[in-house]
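# What the coordinates show
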Amino acid sequence: GAVVSQHPSWVICKSGTSVKIECRSLDFQATTMFWYRQFPKQSLMLMATSNEGSKATYEQGVEKDKFLINHASLTLSTLTVTSAHPEDSSFYICSARDLVPQTSPLHFGNGTRLTVT
Amino acid sequence: GQQLNQSPQSMFIQEGEDVSMNCTSSSIFNTWLWYKQDPGEGPVLLIALYKAGELTSNGRLTAQFGITRKDSFLNISASIPSDVGIYFCAGRQGGSEKLVFGKGTKLTVNP
């Protein structure tokens, strides 16, 4: 089945630094990938839609300059948390679905636990 | 934004029992998905439903796409300890690529 790989699985960084998270589709191509954020004991909240070759679409309330998204190829999207602060600490999860068939479901990466100290 | 009402919020059952959880919405969805999430990991797809009335099984799991297209349920039969986790329903509307998630059902199975 479709596999989505996310890296790193966890990262600890100091306040003010930037962190990059990678999301790769391993055995399929994805023109669209999605980035979610999940706080403890809560559901997944969509942050942005990553579009290959064009600008990402951000959900209301998500700062595009804070969470930079780059989708340079059909198999890779990156999320960069810039000038991270402790309130950015969370579980970030990416997802993607195969181009074919059009009804293929979303598959998720294993998530990245970000801790900002 | 659009919300899915998922219930129950949590369940505590004995090993061997059957489990049922559901999701409802005030709006129509054209795709329903059920995921399971273990602690510290991403959600794993269990079952995908694409047609109203569709009933699909995956081992001990069975899910149905409601006729009204506004609800879906997931049943787990003969539960085992490894069924422990959080189950999420998710839906997709119209031509949207976005998924809307329920708030999850936390399942605890006592051996």
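Read on for a plain summary of the structure. Remember, predicted model here, so these are calculated numbers, not experimental data.

### Here's the deal with the overall build of chain A
Counting secondary structure elements, chain A contains 0 helices and 11 strands. The order of helices and strands in chain A, counted from the N terminus, is β-β-β-β-β-β-β-β-β-β-β. Computed over its C-alpha atoms, the radius of gyration of chain A comes to 14 Å, within 12% of the 13 Å expected for a compact globule of 117 residues. In terms of its C-alpha atoms, chain A occupies a principal-axis envelope of roughly 40 × 25 × 20 Å. In chain A, buried positions account for 49% of the 117 residues. Summarising the internal contacts of chain A: among those between residues at least 6 apart in sequence, 54% fall at separations of at least 24. Surface exposure of chain A reaches about 5900 Å², of which carbon and sulfur atoms provide 53%. Of the side chains in chain A, 10 bear a positive and 9 a negative charge, and the two mean positions are spaced by 5 Å.

### A look at the pattern of salt bridges
Side chains that carry opposite charge are capable of pairing whenever their charged atoms lie near each other. Residue and element names in this part refer to chain B. The full count for this structure, using the stated rule, is 5 salt bridges over all chains. The shortest N-O distance in the salt bridge between aspartate 38 and lysine 36 comes to 3.3 Å. The partly exposed category is assigned to aspartate 38, whose relative accessible area is 29%. Note that aspartate 83 is salt-bridged to arginine 60, the shortest N-O span being 2.8 Å. Taken as a pair, aspartate 83 in the loop between strand 8 (71–76) and strand 9 (85–92) and arginine 60 in the loop between strand 6 (55–58) and strand 7 (61–65) lie far apart in primary sequence, 23 residues in all. Relative accessible area serves as the criterion here: at 6%, aspartate 83 is assigned to the buried category.

### Considering the side chain of Thr49(A)
By the secondary structure assignment, Thr49(A) is in strand 5 (residues 45–51). Those residues within four positions of Thr49(A) in sequence are excluded, and the remaining contacts are Thr32(A), Met33(A), Phe34(A), Ala56(A), Thr57(A) and Lys98(B).

### Quick notes on the sheet that holds strand 1 (residues 4–7) of chain A
Consider a sheet: its strands pair through backbone hydrogen bonds, and that pairing is either parallel or antiparallel. Residue and element names in this part refer to chain A. Across the sheet, 4 strands lie side by side as 1-3-8-7; this open sheet has antiparallel pairing. Bordering the open sheet on either side are strand 1 and strand 7 (67–73), each of which pairs with just one other strand. The mean inter-strand angle of the sheet, taken between neighbouring strand axes irrespective of direction, is 15°. Where strand 1 meets strand 3 (residues 19–25), 4 bridges bridge the pair, whose relative direction is antiparallel. When the bridges of strand 3 are listed, serine 5 appears paired with arginine 24.

### Considerations on the state of the cysteines
Between two cysteines, a covalent bond joining their sulfur atoms is known as a disulfide. Residues and elements named next belong to chain A. According to the stated counting rule, one finds 2 disulfides over all chains in the structure shown. There is a disulfide in this structure between cysteine 23 and cysteine 94, and the S-S distance comes to 2.0 Å. Across the S-S bond linking cysteine 23 and cysteine 94, the dihedral sits near 80°, which makes this disulfide right-handed. Of this pair, cysteine 23 sits in strand 3 while cysteine 94 sits in strand 9 (residues 90–96), placing them 71 residues apart in sequence. Exposure class is identical for cysteine 23 and cysteine 94. Each is buried.

### A closer look at the pairing of strand 9 of chain A
Residue and element names in this part refer to chain A. Most of strand 9 sits out of view: 7 of its 7 residues are buried. Judged by which residues are buried, strand 9 turns out to be covered on both faces: Ser90, Tyr92, Cys94 and Ala96 on one side and Phe91, Ile93 and Ser95 on the other are all buried. Both strand 4 (residues 32–38) and strand 9 contribute to a ladder of 6 bridges, which runs antiparallel. Note that in strand 9 the partner of glutamine 38 across the bridge is phenylalanine 91. Looking at chain direction, strand 9 and strand 11 (residues 112–116) are connected through 3 bridges and run antiparallel.

### Concerning the interface of chain A and chain B
Taken residue by residue, the interface counts 21 residues in chain A and 18 residues in chain B. Buried area between chain A and chain B, summed over both chains or domains, comes out near 1600 Å², and the portion from carbon and sulfur atoms is 57%. Our count for the chain A to chain B interface comes out at 1 salt bridge. Lys98(B) is paired through a salt bridge with Glu59(A); the nearest N and O atoms lie 2.8 Å apart. Where chain A packs against chain B, one counts 5 residue pairs in polar contact (both at pLDDT 80 or more).

Conventions adopted
- Residues numbered from 1 in each chain as written.
- Chains lettered and ligands numbered in written order.
- Predicted model: local features only at pLDDT ≥ 70, side-chain atom pairs only at ≥ 80, totals over all residues.
- Heavy atoms only, no water.
- Helix = DSSP H or I, 4+ residues; strand = E, 2+ residues; numbered from the N terminus.
- Rg over C-alpha atoms; globule rule 2.2 N^0.38 Å.
- Buried < 20%, exposed > 50% of the residue type's maximum accessible area, 1.4 Å probe, protein only.
- Contact = heavy atoms within 4.5 Å.
- Areas by Shrake-Rupley, 256 points an atom, 1.4 Å probe, with all protein chains shown as cover.
- Lys, Arg positive; Asp, Glu negative; His and termini not counted.
- Charge placed at Lys NZ, Arg CZ, Asp CG, Glu CD.
- Salt bridge = Lys/Arg side-chain N within 4 Å of Asp/Glu carboxyl O.
- Pairing = 2+ DSSP bridges.
- Axes fitted to C-alpha atoms, helices over the stretch in contact; angles between N-to-C directions.
- Disulfide = S-S within 2.5 Å.
- Buried area = accessible area lost by both parts, 1.4 Å probe.
- Polar contact = N/O pair within 3.5 Å; in protein donor to acceptor, adjacent residues only side chain to side chain.

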